[in-house]
Structures are given as structure tokens and as C-alpha cells.
Amino acid sequence: MSTAKPKHIGRNISRIRELRDMKQEALALAIGTTQQSISIIEGSESVDDEKLKTIADALGVSTEAIKNFSEDAVFNIIGNTYNDDSSSIKNYNCTFNPLDKLLEAIDKNEQLYERLIQVEKDKASYLEKLLKEK
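For the structure given in this document, a descriptive report is provided here. (Residues numbered from 1 in each chain as written. Predicted model: local features only at pLDDT ≥ 70, side-chain atom pairs only at ≥ 80, totals over all residues. Heavy atoms only, no water.)

**Observations concerning the nonpolar core**
Judged by nonpolar contacts, the single largest core of 16 residues is most densely connected at Ile13, Leu27, Ile55, Leu59 and Ile66. Secondary-structure elements contributing two or more residues to this core are helix 1 (9–19), helix 2 (24–31), helix 3 (35–42) and helix 4 (49–59). Here this core gets four residues from one element, more than from any other, and that element is helix 4. (Core = buried A, V, L, I, M, F, W, Y, C linked by side-chain atoms within 4.5 Å. Buried < 20%, exposed > 50% of the residue type's maximum accessible area, 1.4 Å probe, protein only. Helix = DSSP H or I, 4+ residues; strand = E, 2+ residues; numbered from the N terminus.)

If you want it as C-alpha cells, here you go:
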């Protein structure tokens, strides 16, 4: 017996619509229905496949994206993507390699450490020079 809760398709449609910065009225106009119908759909746990396909097309996503929508995944994708507005191609790859960032930080720390050592050496040689002069 499975304890997993079924996905609430209407809520997923609502969240995707909101993330697309689209009002219910705009979605209704795009699929040829009323705002009240969209409100009812967004309150429904399930939506028939044909209507779901129409809504997905209007939202610019796949039906699978609506069915499997996860806010955690959305924020993960948003945090790791960039959008080059000069083209219609979206890049959903990580924009940096975390390991490279770590190595850069280590390199900067090593450079700082080397400079601090050099300053201490310079101080020691200056103090030795002062002692020799006395």
C-alpha cells in the first residue's frame, strides 16, 4: 500500500502560471475559456489529458512538467541557470563549477598566506638591521 499523496495538478498549474507571471484571465484567454473555469481547474486535483495539454501549451511547458512540478526543483533550476536573452535557447546547465570556485578560493588564500609570510620576513630583517646598527 502506497502512502504517497497524489499530485494536485490544479495547484501545479496555478504555481507554474504564477511563476510565468500570468493572470488567470490571460491563461483563460489563451485557451479560450473563462477566468472562472481556470479557477475551478486550479482547485481540481486532476485535469483531463486534453485540457492539460492545452494548458501546458499556453504556459509553454510540457504536460509532464505540470504533472511532476516541484517547487524545490524550480528553485534549484533557477539558481543554476542563466538566460542569454540574445537567443531563444535556454541553458539549463550550472553556470559555474563549484569545484573550480573552491580551488580559486584556496589559491587566493595561499596567495594571501604567502604575502603575510613575506611581510613577517620583511619585519624580521628590518628588526635585525636595527639591532645591528646599535
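Still more to cover.
**Re unusual backbone geometry**
Of note in this structure, Asp21 is not a glycine but carries a positive phi near 60°. Along the chain, the position of Asp21 falls in the loop between helix 1 and helix 2. Judged by relative accessible area, which is 74%, Asp21 ranks as exposed.

**A closer look at a negative patch on the surface**
A contiguous patch of negative charge, built from Asp100, Glu104, Asp107, Glu110 and Glu114, is present on the exposed surface. Take Asp100: it is sitting in helix 7 (residues 98–133). (Patch = residues over 30% accessible without salt bridge, like charges linked within 9 Å, V, L, I, M, F, W, Y side chains within 5 Å. Areas by Shrake-Rupley, 256 points an atom, 1.4 Å probe, with all protein chains shown as cover. Salt bridge = Lys/Arg side-chain N within 4 Å of Asp/Glu carboxyl O. Lys, Arg positive; Asp, Glu negative; His and termini not counted. Charge placed at Lys NZ, Arg CZ, Asp CG, Glu CD.)

**Considerations on a nonpolar patch on the surface**
On the surface, a nonpolar cluster with roughly 370 Å² of combined accessible area is contributed by Leu99, Leu102, Leu103 and Ile106. Structurally, the position occupied by Leu103 is in helix 7.

**With respect to the side chain of Asn12**
Relative to the helices and strands, Asn12 resides in helix 1. Accessibility expressed as a relative area gives 8% for Asn12, which makes it buried. Not counting residues within four places of it along the chain, the set of residues in contact with Asn12 comprises Lys7, Ile66, Lys67 and Phe69. (Contact = heavy atoms within 4.5 Å.)

**As for helix 1**
What helix 1 keeps buried is the set Ile9, Gly10, Asn12, Ile13, Ser14, Ile16 and Arg17. Looking at the buried side of helix 1, the elements it contacts are helix 2, helix 3, helix 4 and helix 5 (63–67). In the stretch just after helix 1, Asp21 is the one whose phi turns positive, near 60°.

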